[in-house]
Amino acid sequence: MSDLDDYEGDPALNRERLSELLTDQLEELARTIHSRDQLVRARAASRLVNLEVDPDLVLPTLHHHWPAVREVAIEAIGYTSKPLSPAVIDALLASIDDPKPFVAAAAIRTLGRKQIAEAREQITACLDDPDPPIVAAAIAALARLGDTTLAVAIPNFLNSPHLAIRIAAAEAAGMLHTPAAVPGLLRLLEDCITAWQETQPHIPSRAASVAMQALARLRARTAIPLLVEIARYVVGLRTLAVRTLNQLQAVEAAPEIVSLLNEKSIHLSHEVIRLVKMADYRAALPELRALLQRSAPNRRSLTIQIMQILVEWNDRASMPLLAQLAESFPNAEIRHHAARCLTILEQVTTTSEEPSPPSPDPAPTVLWSERLRKRQERIASVSVGSIVEGTVLRVLSYGAVIDLGGIEGFVHVRDIDWRWISDARNVLQPGQPVRAMITNIDRLHLRINLSIRELTPDPWASLSQRLAGGMTVQGTVTGITGFGLFVELLPGIQGLVHISKIPAKRRPLRECFPLSSQVMVTILAIDNEHRRIALSVNE
């Protein structure tokens, strides 16, 4: 940047020289932005966003021989606040036809960011492009251009097999306010959760974040039960889920997530407290006091936030704790704030002859407090290994919530049956009675994990007596993925036919191997430790 800064504002210097210096800098960015080091990539992306280039000086770089430099140059134009000349616009329109899809996608994104209306027709044509990144860029660009005709197609794009297209469609659904997209957004969110639970590395949290943001913009209150389940059971997405509940003003969710105040995440605690305060959920006062008591000096904002609520709710039971903080807390600012809050509560105590007036509607607080007490009593009465009976309350793609009579348990999709199940909704329905074994109890957060399959014999225990490497057997196709077929050999026993073990003449897979069809396979290897069987399809 120093070379450019030397030239900036000096009209006597040759613009061609400035353009050459800018090209050099863009070449450097192109190298670092594709680095294997994540930190280097992040820094390069930040530099690109803040580069603030002159679009006319970048114009020659749009024809650079290295595609990565063309891409970076186009993105730099998209982030600048300077207007685009007709020559730059024409060059960007021409870049849509670049032989490299990632360069074409960058041009589409930039035209959308700069809201170039004359590009609308050409970008719309890209919706039918066979390359997913180009389609995703076109969806995002048309949404920024305010193309309301795109809203009709968004539900279909949300069903795309390509994640990039689904993310772009989710973002567009929020920008164009498309209520018809809500079911697709919920499916996208559930798919993200399933992938998260299965620790698939190629599903970014960005997809879940965009889906939640769109649901919040659409005021989709039908998403509240799913968001509550995410907040309680999906560790990596809790803060996002509670933040979305706040945006939806889902005050009814406060009793379900108040136990999250026991988690260590500061950001999560902030979001839970916001919802508790919005709901005026005063049954959470014991949890707030406990959180305040274990607050560390580096949690200044959280500590102040809790003290303000305690004063606002006139919580006199917290006065001894506030006095202790005012006397011995390491942070001077917190000591001062605690002393001020304590003074306010003492003044209220000494000046009020009558008891503090109840909250405008005390019934919900009493109800929630009683419900919490019953849940604590019920969870204290069970133990790991116990067999319980319950009723399916809610079913999601990645598992089901079971009503155990006063408390809820969760069974993950992999714990429903020994056989592979892609979606729990295919085997469980709300209202269905089930028997399960308790596999884990989190008494602090009032959570119970269940397993239905543990009540049936493990088919792998006797596998060596029935199957062996080299055998040719008949199986049933139970799953089709981009990397091969899942074939059930025996009840609860499945193997994988990798795509490399399937002859090219027997593709595409979905046409040659429909679900539930029979197929002859040869067992290549059995891995009992990891419960995996490698198969090949017979010619």
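Refer to the preceding data block for the structure.
To start, this report covers the structure provided alongside it. Keep in mind that this is a model prediction, so the values were computed, not measured.

Comments concerning the overall build of the chain
Regarding its fold elements, the chain presents 23 helices and 10 strands. Evaluated residue by residue, the chain yields a buried proportion of 48% over its 539 residues. Considering only contacts in the chain between residues 6 or more positions apart, those separated by 24 or more positions represent 64%. Carbon and sulfur atoms form 53% of the exposed surface of the chain, whose accessible area is close to 26200 Å².

Observations regarding the nonpolar core
Among the nonpolar cores identified, the biggest contains 134 residues, and Leu26, Ile123, Leu150, Leu189 and Ile230 are the most heavily contacted of them. It is helix α9 (residues 132–144) that provides the largest number of residues to this core, a total of 9 residues. Beyond its immediate sequence surroundings of up to four residues, Leu150 is in contact with Leu127, Ile139, Leu142, Ala143, Phe157, Ala172 and Leu176. Listed in part, the 22 residues of the second largest apolar core include Leu404, Ile407, Ile416 and Ile421.

Section: the sheet that holds strand β4 (residues 433–442)
With mixed pairing, the 5 strands of this closed barrel are ordered in space as β1-β2-β3-β5-β4. Between one strand axis and the next, the sheet turns through 50 degrees on average, direction left out of account. Pairing analysis gives 2 bridges linking strand β3 (residues 408–412) to strand β5 (residues 447–451), with the strands arranged parallel. Bridging across to β5, Val411 finds its partner in Leu450.

Thoughts on unusual backbone geometry
One non-glycine residue with positive phi stands out, namely Glu52, at about 50 degrees. Within the fold, Glu52 resides in the loop between α3 (38–49) and α4 (55–58). With relative accessibility at 33%, the residue Glu52 sits in the partly exposed group. One non-glycine residue, Gln115, lies in positive phi territory at about 55 degrees. Looking at the element boundaries, Gln115 is found in the loop between α7 (101–113) and α8 (120–125).

Some details on the sheet that holds strand β6 (residues 472–481)
Strand order around the closed barrel formed by 5 strands is β6-β7-β8-β10-β9, with mixed pairing between neighbours. Sheet twist, expressed as the mean angle between neighbouring strand axes with direction ignored, is 50 degrees. One ladder, built from 5 bridges, connects β6 with strand β9 (residues 518–527); its direction is antiparallel. Paired with Gly475 across the two strands is Val519, which belongs to β9.

Here we look at α3
Between its first and last C-alpha atoms α3 spans 17 Å; for 12 residues at 1.5 Å apiece the expected length is 16 Å, and the two agree. For α3, the N-terminal capping position is held by Asp37, with its side-chain oxygen 2.8 Å away from the main-chain nitrogen of Leu39.

A short note on the pairing of strand β1 (residues 387–396)
Alignment of β1 against β4, held across 5 bridges, turns out to be antiparallel. Bridging from a neighbouring strand, Ile387 pairs with Met437 of β4. Note: β1 against strand β2 (residues 399–403), 5 bridges, orientation antiparallel. In the sheet register, Arg394 faces β2, and the bridge partner there is Val401. Between β1 and β2, which pair antiparallel and follow one another directly, the connecting turn spans 2 residues.

Regarding the packing of helix α17 (residues 266–279) against helix α19 (residues 300–312)
Where α17 meets α19, the axes come as close as 11 Å, and the angle between the chain directions of the two elements is 15 degrees. The angle between α17 and α19 places the two elements in the roughly parallel class. Of the two possible hands of crossing, α17 and α19 adopt the one that is left-handed. In this structure, α17 uses Ser269, His270, Ile273, Arg274 and Lys277 to contact α19, whose residues at the interface are Ser301, Leu302, Gln305, Ile306, Ile309 and Glu312. Residues that form the contact of α17 with α19 fall into these classes: 4 nonpolar, 4 polar and 3 charged.

What counts, and where the lines are drawn
Residues numbered from 1 in each chain as written. Predicted model: local features only at pLDDT ≥ 70, side-chain atom pairs only at ≥ 80, totals over all residues. Heavy atoms only, no water. Helix = DSSP H or I, 4+ residues; strand = E, 2+ residues; numbered from the N terminus. Buried < 20%, exposed > 50% of the residue type's maximum accessible area, 1.4 Å probe, protein only. Contact = heavy atoms within 4.5 Å. Areas by Shrake-Rupley, 256 points an atom, 1.4 Å probe, with all protein chains shown as cover. Core = buried A, V, L, I, M, F, W, Y, C linked by side-chain atoms within 4.5 Å. Pairing = 2+ DSSP bridges. Axes fitted to C-alpha atoms, helices over the stretch in contact; angles between N-to-C directions. Expected span 1.5 Å × (residues − 1). Polar contact = N/O pair within 3.5 Å; in protein donor to acceptor, adjacent residues only side chain to side chain. Parallel < 35°, antiparallel > 145°, perpendicular 65-115°, else oblique. Left-handed = near helix turned anticlockwise from the far one by under 90°. Nonpolar A, V, L, I, M, F, W, Y, C, P; charged D, E, K, R; others polar.

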